[in-house]
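Working through the structure, step by step
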Amino acid sequence: MGKTYERIDGRLRTFIEEQPLFFTATAPLAGDGTVNLSPKGLKGSFAVLDELTLAYLDFAGSNAETIAHLRENGRITLMWCAFQGPPNIVRVHGHGEAVFRDDPRFAELLTRFPDIDPTLHGLRAIIVVHAELIRDSCGYAVPYMAYEADRELHGKRFGREDDASLSAYFEKKDHIAVSLDGLPGLPLPLPPSTV
């Protein structure tokens, strides 16, 4: 049986922080809009800010659906699965926002991620999620899988970009500035990095 939690603390927080992979889900308001589901990883790119607030680093990629959906309606769900140890699935339903590089809060938020070099990954924004519903479920059908290591390809690909070339890369992509459904995505040109 699933349980609802009032806050992210104790064993729940430990479980979330120990997982090397989590998933984000967002959707536009339009009933025929594209639902987005994304895996997120890279050790050190996720942080529990307090008992009801989480954040993760949003790195360069081929689209910006999460950003577009958050800009439109703020709805987001984060999910973690136990691929090792006792079975468990945790979902945090809430509202999120993309804190962009030119936001006054950006530099302070970035200090919450001391174990990753964001310059290697084309950091676009920090996604901050305010939890409204926190639940777990059994996870009995989730298979056992072993985490070996983070892939190095992302850092190797985007670590050679500076602000100008990263912005040019984003401007060439069809679904960075505008989502699949035509919603505003990542504001371009990309503001200069403060890191």
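In short, a report on the structure.

Rules of the game
Residues numbered from 1 in each chain as written. Predicted model: local features only at pLDDT ≥ 70, side-chain atom pairs only at ≥ 80, totals over all residues. Heavy atoms only, no water. Salt bridge = Lys/Arg side-chain N within 4 Å of Asp/Glu carboxyl O. Buried < 20%, exposed > 50% of the residue type's maximum accessible area, 1.4 Å probe, protein only. Core = buried A, V, L, I, M, F, W, Y, C linked by side-chain atoms within 4.5 Å. Helix = DSSP H or I, 4+ residues; strand = E, 2+ residues; numbered from the N terminus. Disulfide = S-S within 2.5 Å. Pairing = 2+ DSSP bridges.

1. Topic: the pattern of salt bridges
In this structure the tally under the stated criterion is nine salt bridges. Between Glu97 and Arg105 there is a salt bridge, and its shortest N-O distance comes to 3.1 Å. The class of Glu97 is partly exposed, set by a relative accessible area of 28%. Arg105 sits in the partly exposed class, given a relative accessible area of 37%. Here Asp163 makes a salt bridge to Arg101, at a shortest N to O gap of 2.8 Å.

2. A word on the nonpolar core
Formed by 33 residues in total, the largest nonpolar core has its most connected members in Ile16 and Trp80. Listed by contribution, the elements that provide at least two residues to this core are helix H1 (10-18), strand E4 (46-50), strand E5 (53-58), helix H2 (65-72), strand E6 (75-81), strand E7 (89-100), strand E8 (125-137) and helix H5 (163-172). The element contributing the most residues to this core is E8, with five residues. Counting 15 residues, the second-largest nonpolar core is a separate cluster that includes Leu57, Val99, Leu109 and Phe113.

3. Notes on the state of the cysteines
Counted under the stated rule, the structure contains zero disulfides. The cysteine Cys81 is free of any disulfide, with Cys138 supplying the nearest cysteine sulfur at 11 Å. On the basis of relative accessibility, which here comes to 8%, the residue Cys81 falls in the buried class.

4. Focus on the pairing of strand E3 (residues 36-40)
Alternating positions in E3 separate cleanly, Asn36, Ser38 and Lys40 being buried on one face and Leu37 and Pro39 remaining unburied on the opposite face. Of the pairings in the sheet, the one linking strand E2 (residues 22-26) to E3 comprises five bridges and is antiparallel in character. When the bridges of E3 are listed, Phe22 appears paired with Lys40.

5. Re unusual backbone geometry
Going from Leu188 to Pro189, the amide bond is cis rather than trans, its omega being 0°. The topology assignment puts Pro189 in the segment after H5. Notably, Leu42 is not glycine yet its phi reads approximately 70°, a positive angle. Structurally, the position occupied by Leu42 is in the loop between E3 and E4.

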